[in-house]
Amino acid sequence: MFADNPLHDDLNSILERTASLWTALRGERIFLTGGTGFFGRWLLESFVWINQRLNLRARACILSRNPQQFAQRAPHLAADAALSWQTGDVRDFAFPAGEYPFVLHAAAEASARLNQEAPLEMFDVILNGTRRVLEFAAQAKTQRFLFVSSGAVYGRQPPELSHLPESYPGAPDPLNPRSAYGEGKRAAELLCTLSGLPVTIVRPFAFVGPFLPLDAHFAVGNFLRDALQGGPIRIQGDGTPLRSYLYATDLTIGLWKALFSGAPRRAYNLGSAEALSIRQIAEAVADCFEPRPAILVAQTAPPNQLPERYIPDTRRSMDELGIQSPIPLPLALRKTVNYLQKAQGPP
């Protein structure tokens, strides 16, 4: 059974690097929002894997607007007896009965389309969804609460600042409607602080791995899609902005470690500190394919202009959560490509 899982090695890696944490969840219950997105899929895959392997007898309740749709994508998770589903919107869902010592609030992942087309809806989902989950946690006697925020809370990174620390006082531009996502996450962080509950906050940056959408606003996902289709890989800008990507297993380990051992009322950046240009990332994706696809760059970089940056300082996560030695990007990309090619099947 276990060997048939295409994520076998990745899930074992998550188990090995978090093994000492799971005693706290033995026989307990956890409530999870955002369980059907990229983050949530990895959280559920790893929870079910570890729950079975360690015989934790833990149970998870997942809030979803459409559990049936998710069941079609992941029938093995939908059928797992340790998982139950609460149907509802994060802003007004009915509270499941009983106590939940652990809550992991990961709903309202980044959506460039929603942020652009309905920014007020985006802001409302984040803020009032967080308010509702906090109300539930207070009733459910939650002991540890993890809020998944975003690196977007920092606003635009000054190009002369190499890495964004958690103490950076920047913020999104409140006069720009596209700031709805970042401002929503900032306001939700404050709401968590004002709640008086033991909330730990993580601020994720950019990631790669199985289940990453290939048709959204994630550059690396778009590059993988282009390459899987035979190329060329298209860079819509000039290729100079600097980004960093963390593999999904390191993301998942960071989330579990923050939930179980993060300090209350403290924020942790979650991502890779290795800065690479968009062009370098496209080149790294191309290196994973044979024949190697061409790379097309739409624009020419302005002369004498510092490149835009979006790179976290991860020292706090390393020092306090013990998150060490992330998987290098070339290996992360090859693992992702191997999974996608197997899922895609023969041409």
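Preceding block: the structure.
Presented here is an overview of the structure given in this document. Only a predicted model underlies this, so the values are computations on that prediction, with no experimental measurement involved.

### A short note on the pairing of strand 11 (residues 267-270)
Burial along strand 11 is two-sided: the residues A267 and N269 and Y268 and L270 are all buried. Inspection of the sheet shows strand 6 (residues 199-204) paired to strand 11 by 4 bridges, in the parallel sense. Paired with V202 across the bridge in strand 11 is Y268.

### Structural notes on the side chain of R243
Note on placement: R243 falls in strand 9 (residues 242-243). Relative accessible area serves as the criterion here: at 18%, R243 is assigned to the buried category. At a separation of 2.8 Å, a polar atom in the side chain of R243 contacts the side chain of E308. In this structure, R243 is in contact with E274, A275, L276, I278, I281, E308, R309, Y310 and I311, ignoring residues within four places of it in sequence.

### Re the pattern of salt bridges
By the definition in use, this model includes 18 salt bridges. Among the salt bridges present, the one from E45 reaches R41, with a minimum N-O distance of 2.9 Å. Taken together, the residues E45 and R41, both in helix 2 (residues 38-53) and 4 residues apart, mark about one turn of the helix. Judged by relative accessible area, R41 falls into the buried class, the value being 10%. Look at the salt bridges and you will find they share partners, linking D89, R91, E121 and D124 into a network.

### Considering unusual backbone geometry
Looking along the chain, the bond that leaves G231 and enters P232 is cis, with omega of -5°. Relative to the helices and strands, P232 resides in the loop between helix 8 (219-228) and strand 8 (233-235). Here E290 and P291 are connected by a cis peptide whose omega angle stands at 0°. Tracing the sequence through the fold places P291 in the loop between helix 10 (278-286) and strand 13 (295-297). Non-glycine residue R57 carries a positive phi angle of around 55°. Mapped onto the secondary structure, R57 falls in the loop between helix 2 and strand 2 (59-64). According to the relative accessible area criterion, R57 is exposed, its value standing at 56%. The phi torsion at N304 lies on the positive side, around 60°, for a residue other than glycine. Along the chain, N304 turns up in the loop between strand 13 and helix 11 (315-321).

Definitions and limits used
- Residues numbered from 1 in each chain as written.
- Predicted model: local features only at pLDDT ≥ 70, side-chain atom pairs only at ≥ 80, totals over all residues.
- Heavy atoms only, no water.
- Buried < 20%, exposed > 50% of the residue type's maximum accessible area, 1.4 Å probe, protein only.
- Helix = DSSP H or I, 4+ residues; strand = E, 2+ residues; numbered from the N terminus.
- Pairing = 2+ DSSP bridges.
- Polar contact = N/O pair within 3.5 Å; in protein donor to acceptor, adjacent residues only side chain to side chain.
- Contact = heavy atoms within 4.5 Å.
- Salt bridge = Lys/Arg side-chain N within 4 Å of Asp/Glu carboxyl O.

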